[in-house]
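So you can see what is in the structure, the chains are spelled out below.
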Amino acid sequence: MSTVIILAGAVLVIDSRLRSALVAYVVFTLSILWISHPQGPQANAMGITLFALLAFIKVVVGPAAVLWLRMRYRVPDDLVPSFNLGVRIGVVAVALFLARYFSHAPAFSDAAGATTVFYAFFASICIVILHRNLLAHVVGLLALGSAVTLAAAVFAPSLPGAIELADTFDAVFATFIAIAVARAVIQHDPHLDMRSLRGLRG
């Protein structure tokens, strides 16, 4: 699953189309959920219920909100990358290198999936940095929420599901705030270019 997460994260960073980015995000998140599903003492009715709610929010609610915004306002599919394809591929390579580097730190060297966790965080942040379209930033926030879930599964497997769910709600709230901002920006620029934020006043 780590390979799938790395490849999906790479597509999220490199691709410039919203639809393919959402497909990559769903694959990215489903792979993380597969790794983090309840096991042992947490595989009880409460744990499974919380996990199912977590999965529904991540895989259904978030992407559905992005698609609704796109169809409602006929937003173009282009995520408006700030850099060319070669630079984006280079960023993915650097993110993977840094993930491997940090995973060898003494505090994380015993965690088998540390490289994947760091890569998931770096890829999520890079989605926001490398694209100017606000919907790309929303997808990046959703991916960051999934990265938090992966970190909890790898570094704190005994963490109560309720805490993980609270972290997910934080990411979802941030996502919907970003969607609200996007709705305001659409009035100034249907392409949702981040530079349009300069035109907002009040």
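For clarity, every value in this text was computed on a predicted model and none was experimentally measured.

A count of helical and extended segments in the protein chain gives seven helices and zero strands. In sequence order, the protein chain lays out its α and β elements as α-α-α-α-α-α-α. Counting every position in the protein chain, which comprises 202 residues, the buried fraction comes to 44%. Surface exposure of the protein chain reaches about 10200 Å², of which carbon and sulfur atoms provide 69%.

Moving on, we get to helix α5 (residues 114-130). Taking 1.5 Å per residue, 17 residues should reach 24 Å; α5 reaches 24 Å between its end C-alpha atoms and fits that length. With 12 of 17 residues buried, α5 is to be regarded as a mostly interior element. Where α5 is concerned, the buried positions are A114, T115, T116, V117, F118, Y119, A120, A123, S124, C126, I127 and L130. Against α1 (2-14), α2 (18-36), α4 (85-103) and α6 (134-155) lie the buried residues of α5.

On to the packing of α1 against α4, then. The contact between α1 and α4 brings their axes to 9 Å, and the two run at 145°. Crossing of α1 against α4: the hand is right-handed. On α4, the residues that touch I6, A10, V13 and I14 of α1 are L85, R88, I89, V91, V92 and L96. Taken together, the residues of the contact of α1 with α4 sort by class into nine nonpolar, no polar and one charged.

All right, on to helix α3 (residues 45-73) then. Each α-helix turn comprises 3.6 residues. Residues three or four places apart therefore point the same way. Between the first and last C-alpha of α3 there are 41 Å, a value that for 29 residues agrees with the 42 Å anticipated at 1.5 Å per step. At I57, α3 shows its maximal kink, close to 35°.

Look at V80: it is not a glycine, yet its phi comes out positive at around 50°. Looking at the secondary structure, you find V80 in the loop between α3 and α4.

Summarising the element assignment, V128 is placed in helix α5. Between the C-alpha atoms of V128 and L141, which are 13 residues apart in sequence, the distance is 7.9 Å. Excluding residues that lie within four positions of it along the chain, V128 makes contacts with H137 and G140.

Let's shift gears to a nonpolar patch on the surface. Nonpolar side chains collect at one region of the surface, where M1, V4, V23, V27 and W34 lie side by side and expose about 480 Å² of accessible area between them. Counting residues per element, the nonpolar patch draws most heavily on α2, at three residues. Inspection of the secondary structure puts V27 in helix α2.

With that out of the way, let us pick up the environment of I35. Mapped onto the fold, I35 is located in helix α2. With a relative accessible area of 28%, I35 lands in the partly exposed category. Between the C-alpha atoms of I35 and L150, which are 115 residues apart in sequence, the distance is 7.5 Å. Not counting the four nearest positions on each side in its chain, I35 is found in contact with M1, I5 and L150.

Now for the pattern of salt bridges. Counted by the stated rule, this structure contains two salt bridges. Between D15 and R17 there is a salt bridge, with its nearest N and O atoms 3.2 Å apart. In this structure, R70 and D77 form a salt bridge, with 3.5 Å as the shortest nitrogen-oxygen distance.

Now for the packing of aromatic side chains. Throughout the structure, instances matching the rule amount to seven aromatic pairs. Judged by centre distance (6.0 Å) and plane angle (35°), the rings of F102 and F118 are tilted. Highlighted residues: F102 in helix α4 and F118 in helix α5, separated in sequence by 16 residues. An angle of 55° between the planes, with centres 6.3 Å apart, marks the rings of F118 and F155 as tilted. Within this pair, whereas F118 is found in helix α5, its partner F155 is found in helix α6, the two being separated by 37 residues in sequence. By relative accessible area, which is 15% here, F118 ends up buried. Ring pairing ties together the aromatic residues Y101, F102, F108, F118, F122 and F155, which thus form one cluster.

So, how was this worked out
Residues numbered from 1 in each chain as written. Predicted model: local features only at pLDDT ≥ 70, side-chain atom pairs only at ≥ 80, totals over all residues. Heavy atoms only, no water. Helix = DSSP H or I, 4+ residues; strand = E, 2+ residues; numbered from the N terminus. Buried < 20%, exposed > 50% of the residue type's maximum accessible area, 1.4 Å probe, protein only. Areas by Shrake-Rupley, 256 points an atom, 1.4 Å probe, with all protein chains shown as cover. Expected span 1.5 Å × (residues − 1). Contact = heavy atoms within 4.5 Å. Axes fitted to C-alpha atoms, helices over the stretch in contact; angles between N-to-C directions. Left-handed = near helix turned anticlockwise from the far one by under 90°. Nonpolar A, V, L, I, M, F, W, Y, C, P; charged D, E, K, R; others polar. Bend = angle between axes of the 7 residues up to and from the residue. Patch = residues over 30% accessible without salt bridge, like charges linked within 9 Å, V, L, I, M, F, W, Y side chains within 5 Å. Salt bridge = Lys/Arg side-chain N within 4 Å of Asp/Glu carboxyl O. Phe/Tyr/Trp six-rings, centres within 6.5 Å; stacked < 30°, edge-to-face > 60°.

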